[in-house]
Amino acid sequence: MSSPEINHRSDKTDELSITTLGLAQICSWGTLYYSFPQLAGAMMAEYDWNKSEVYGALTVSLLFSAIAAVPIGSIIDRGRGRQVMTFGSLVAGLLFISGYWINSLYGFYVLFAGIGFLHAATLYEAAFSVIVHRFDMKQAKKNITTLTLWGGFASTVFIPLIEWVLQYRGWRETMVLLGLINILFCGSIYSRLPSHKASLLDRAEETQTKHVRWALQQPIFWSLLICFAIFAAAGTTFKFHLYPILMEKGLSPTEVVGIIAVLGPSQVLGRLLLAFFSERISIINLGILTASTLPVVFVAFAFMPTHAWLLIPFVVAFGAASGTMTIVKGIAIPELLTKDAYGAINGALNFPIKIIKAFSPAIAAALWYISNDYNGVLIVLACLGIVAAISFALTTKAPSYRC
């Protein structure tokens, strides 16, 4: 009779861990990811730096995140998820605090190169790996969905908070605040994460390498890679260029800001819908449906009449698809391929994705420069969206060979 009681307590403990992990993810995303544009803007105003040079630090940050993905994923696979996320938050906090003394563009680059490296240790990829190793596939899918619901509020919470501190205290004090949040709040929560199952602690590095090599030989891996890379490139490009796209269409600044403000809540909406309907839709159908949303949105933006009320539903659809794809990306490898060496395999998947994502907005800007019109860019993005959907659909046809 005591066994069910023990299991019940264990479930409650795991549920509490996901809730607190979600709160920490809000802070990790809000400080390490969403803070860049506001900090960059404040520092450009003080030092009169060139915008293109400053935003080069964002590309460098994403590149270092890609470089860190595989080795950090491998460390988490060996049962060190709690230590990685805790140490990552502590170092991130110290980096932010050191930003108080930045007085050169070189220092700014070094700061965000380090923060980009720590993305792999503190954001979704690390948290998803901890979850996948801790739970069976059904529970892992549920917990990943719950975690992304929490993470979806990061921009809603931190963009106003950062703006308020910047206005009243300046960017130096803002840096210190972001650092303290990482050290005192995120580090504290990550230090209480449950450990991996004991068997994972004894996993040999050679076995882990074997699983990664096996995954790279699977057609399913490459179908997923193509889909996720194209989706990330198209989605990132659209987000970074949405403001000038809407301005080019003649909307007022108020209308533009209002439309962009819909993106964050739309991501949460997509994840909420998935939480309700996840049992009724397969990962394959979900991936195809989510990827297929992009070409519809981009074609609508290219050819529909320019009225804010007509465009808002398509922005909502894009936000919901982006939020849902985060979950699809988190569960596709264990559900369609293998749970073994999840962190390392996911890192191998994310490495090229992050590199492509880092350069895609700049490539789109070059396309705009050639055509002097965003409609051409949107048509290219729509074609890419079709390729992403087809690539995910091909996972049903791709053979998988057991390791």
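Residues numbered from 1 in each chain as written. Predicted model: local features only at pLDDT ≥ 70, side-chain atom pairs only at ≥ 80, totals over all residues. Heavy atoms only, no water.

A. A look at the packing of aromatic side chains. Inspection of the entire model under this criterion finds 20 aromatic pairs. Summarising the aromatic geometry, the rings of Trp29 and Tyr33 are spaced 5.1 Å apart at their centres and angled 70° between planes, so their arrangement reads as edge-to-face. Taking the centre distance of 5.0 Å and the plane angle of 85° together, the rings of Phe36 and Phe112 count as edge-to-face. Highlighted residues: Phe36 in helix H2 (residues 36-47) and Phe112 in helix H4 (residues 105-122), separated in sequence by 76 residues. Judged on exposure class, the residue Phe36 and its partner Phe112 are both buried. Counting every residue linked through ring pairs, the aromatic cluster contains Phe36, Tyr47, Trp49, Phe108, Phe112 and Trp171. (Phe/Tyr/Trp six-rings, centres within 6.5 Å; stacked < 30°, edge-to-face > 60°. Helix = DSSP H or I, 4+ residues; strand = E, 2+ residues; numbered from the N terminus. Buried < 20%, exposed > 50% of the residue type's maximum accessible area, 1.4 Å probe, protein only.)

B. Summary view of the nonpolar core. Among the nonpolar cores identified, the biggest contains 118 residues, and Phe108, Phe221, Phe228, Phe238, Phe298, Phe301 and Phe392 are the most heavily contacted of them. No other element matches the 15 residues that helix H11 (residues 219-248) contributes to this core. Dropping the residues within four chain positions of it, Phe238 is found in contact with Ile245, Val297, Phe298, Phe301, Phe318 and Leu378. (Core = buried A, V, L, I, M, F, W, Y, C linked by side-chain atoms within 4.5 Å. Contact = heavy atoms within 4.5 Å.)

C. Local environment of a nonpolar patch on the surface. Together, Phe359, Ile363, Leu367, Ile370, Val380 and Leu384 make up a nonpolar patch on the protein surface, roughly 530 Å² of accessible area in all. Elements with a contribution of two residues or more to the nonpolar patch: helix H16 (342-371) and helix H17 (374-393). Take the nonpolar patch: its biggest share by element is four residues, from H16. Relative to the helices and strands, Val380 resides in helix H17. A residue is classified by how much of its surface remains accessible, and Val380, at 37% relative accessible area, is partly exposed. (Patch = residues over 30% accessible without salt bridge, like charges linked within 9 Å, V, L, I, M, F, W, Y side chains within 5 Å. Areas by Shrake-Rupley, 256 points an atom, 1.4 Å probe, with all protein chains shown as cover. Salt bridge = Lys/Arg side-chain N within 4 Å of Asp/Glu carboxyl O.)

D. Expanded view of the layout of surface pockets. By volume, the second largest pocket amounts to about 280 Å³. Looking at the second largest pocket, it is lined by 15 residues, and the ones nearest its centre are Gly270, Leu273, Leu289, Ala320 and Thr324. For the lining of the second largest pocket, the secondary structure elements donating two or more residues are helix H13 (263-277), helix H14 (283-303) and helix H15 (308-337). Classifying every residue of the lining of the second largest pocket by side-chain character gives 11 nonpolar, four polar and no charged. (1 Å grid on protein atoms, 1.4 Å probe; cavity = no way out; pocket = protein on both sides within 12 Å on 5 of 7 lines; lining within 4 Å. Points joined across faces, edges and corners; volume = space filled by probe spheres on them. Nonpolar A, V, L, I, M, F, W, Y, C, P; charged D, E, K, R; others polar.)

E. Fine view of the state of the cysteines. Applying the stated criterion across every chain yields a total of zero disulfides. Left unpaired, Cys186 is separated from the closest cysteine sulfur, that of Cys27, by 4.7 Å. No disulfide involves Cys227; its sulfur sits 16 Å from that of Cys383, the nearest cysteine. Using a relative accessible area of 0% as the deciding quantity, one classes Cys227 as buried. (Disulfide = S-S within 2.5 Å.)

F. Region of the structure containing helix H3 (residues 51-98). Between the first and last C-alpha of H3 there are merely 22 Å, a value that for 48 residues lags more than 12% behind the 70 Å anticipated at 1.5 Å per step. The axis of H3 is deflected most strongly, by about 130°, at Arg80. (Expected span 1.5 Å × (residues − 1). Bend = angle between axes of the 7 residues up to and from the residue.)

G. Region of the structure containing unusual backbone geometry. Even without being glycine, Asp48 reaches a positive phi, approximately 60°. With respect to the helices and strands, Asp48 occurs in the loop between H2 and H3. Assessed through its relative accessible area of 70%, Asp48 is described here as exposed. Even without being glycine, Asn372 reaches a positive phi, approximately 55°. Relative to the assigned elements, Asn372 resides in the loop between H16 and H17. The class of Asn372 is exposed, set by a relative accessible area of 54%.

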